Amino acid sequence: MTTYSPNQHQFTPAGSDLVFNRIGYGAMQLAGPHVWGPPKDRAAAVAVLREAIELGINHIDTSDFYGPHITNQIIREALHPYRDGLAIVTKIGFVRGADQSWLPAASPQQLRDAVHDNLRNLGLDVLDVVNLRAPGLDGADGSSLAEPLAALAKLQQEGLVRHIGLSNVDAAQVAEAQAITPIVCVQNHYNLAHRVDDALIDSLAAQGIAYVPFFPLGGFSPLQSDALSQVAASLQATPMQVALAWLLQRAPNMLVIPGTSSVAHLRENVAAGGLTLDAPALAALASLAT
């Protein structure tokens, strides 16, 4: 692999002034186990964020319900005042229960409270992008997003939110949302082995809307296969680097946000952008689709 900088691959959603370097950073792992409480080593978490910026990452994905509050507070400690061009994308629509559960929280007042929590803990006056995380813990549930999106659009009109995105949605929910407000990004579960959103990705690419896969490396159970390992070995790369490179080649609107609490792993993730997968490699990896 050659030396790679994230600014070599960029994407600007239609109708926005956002310029995303397509390799970003997902901050969820900065909190403690099960995304709850403080990390074991706060200084290490701060170091990872600062290294991400030095490596050229300009897109950090977060939420105030990570921790809760902890992840955003660490981002503020590490990076505030923020560099020009850094986009912090946050997510609302859930809260954490005292038992560490994930609870839908999408009433107009709950969304307003969530936006203000993100603003306060990040130390911002306006949020670059807010993703509405739709209900459903195992994927999109098809429910109407009209009421929460109207509330989020009002917060945008008040100047607290610049752009709106969606998370955990299907094509029908995207269409419903677009009738209410412009959408700059969609964040769903997608990776080499989980490709339910193939048609949606192509549709969004045609519209100039970013697609941001969560669990890009398989989530809490990392991707594993002989085919993936063989392709990685042929490229003198790690399997996870190949999985990230595959996502970047999948579509021009794909933004990847792998998370890590390790500086060394962060550098490996960024270096994946320098990989090119040829036709035989792509054919071999096609076998992973479920």
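Residues numbered from 1 in each chain as written. Predicted model: local features only at pLDDT ≥ 70, side-chain atom pairs only at ≥ 80, totals over all residues. Heavy atoms only, no water.

## Quick notes on the sheet that holds strand S4 (residues 59–61)
As a reminder, the rule being used: A pair of strands is considered paired only if DSSP assigns at least 2 bridges between the two. Numbering goes from the N terminus for both helices and strands, where a helix is a DSSP run of H or I of at least four residues and a strand is a run of E of at least two.
Strand order in the open sheet made by the seven strands is S3-S4-S5-S8-S9-S10-S11, with parallel pairing throughout. Sheet topology places strand S3 (25–26) and strand S11 (210–214) at the edges, where each strand pairs with a single neighbour.

## Regarding helix H1 (residues 42–54)
Let me state the cut-off plainly: Working rule for helices: expected span equals 1.5 Å times residues minus one. The buried label goes to any residue with under 20% of its type's maximum accessible area, the exposed label to any with over 50%, and the partly exposed label to all in between, with areas taken from a 1.4 Å probe on protein chains only.
Taking 1.5 Å as the rise per residue, H1 with 13 residues should run 18 Å; its terminal C-alpha atoms sit 19 Å apart, in good agreement. Of the residues making up H1, those classed as buried are Ala45, Val46, Val48, Leu49, Glu51, Ala52 and Ile53. Where H1 terminates, the next one or two residues include Gly56, which has phi positive at roughly 105 degrees.

## With respect to the pattern of salt bridges
Put simply, the test is: The salt bridge criterion pairs a side-chain nitrogen of Lys or Arg with a carboxyl oxygen of Asp or Glu, the two atoms within 4 Å.
By the definition in use, this model includes eleven salt bridges. When the shortest N-O distance is used, the salt bridge between Arg267 and Glu51 registers 3.0 Å. Residue Arg267 is found in helix H9 (residues 263–271), and its partner Glu51 is found in helix H1; the two are separated by 216 residues along the sequence. Using a relative accessible area of 46% as the deciding quantity, one classes Arg267 as partly exposed. Two residues, Asp117 and Arg120, come together in a salt bridge whose shortest N-O distance is 2.7 Å. With a gap of three residues between them, Asp117 and Arg120 both fall in helix H3 (residues 108–122), about one helical turn apart. One network of salt bridges, in which partners are shared, links Asp17, Asp128 and Arg162.

## So, the pairing of S11
The buried fraction of S11 amounts to five of the five residues, a majority that puts the element mostly inside the structure. On S11, burial covers both faces: Ala210, Val212 and Phe214 on one face and Tyr211 and Pro213 on the other are all buried. Bridge count for strand S10 (residues 185–189) against S11 is five bridges, and the pairing is parallel. Each residue of the ladder has a partner; that of Asn188, found in S11, is Pro213.

## Considerations on the packing of aromatic side chains
Let me state the cut-off plainly: For Phe, Tyr and Trp, rings pair up if their centres lie within 6.5 Å, where Trp contributes its six-membered ring, and each pair is then called stacked (planes under 30 degrees apart), edge-to-face (over 60) or tilted (otherwise). The rule is short: NZ of Lys or CZ of Arg within 6 Å of the ring centre and within 35 degrees of the ring normal puts a charge over the ring.
What the rule picks out here adds up to six aromatic pairs. Judged by centre distance (5.8 Å) and plane angle (90 degrees), the rings of Phe65 and Trp102 are edge-to-face. Of this pair, Phe65 sits in the loop between S4 and helix H2 (70–79) while Trp102 sits in strand S7 (residues 102–104), placing them 37 residues apart in sequence. A relative accessible area of 8% places Phe65 in the buried class. Ring centres of Tyr190 and Tyr211 lie 5.8 Å apart, and the angle between their planes is 85 degrees; on these two criteria the pair is classed as edge-to-face. Taken together, the positions of Tyr190 in the loop between S10 and helix H6 (198–207) and Tyr211 in strand S11 put the pair 21 residues apart, joining distant regions of the chain. This pair shows no difference in class: Tyr190 is buried, exactly as Tyr211 is. Grouped by ring-pair contacts, the aromatic residues Phe65, Tyr66, Phe94 and Trp102 constitute a single cluster. The positively charged end of Arg96 is found above the aromatic ring belonging to Trp102, 3.8 Å away from the centroid.

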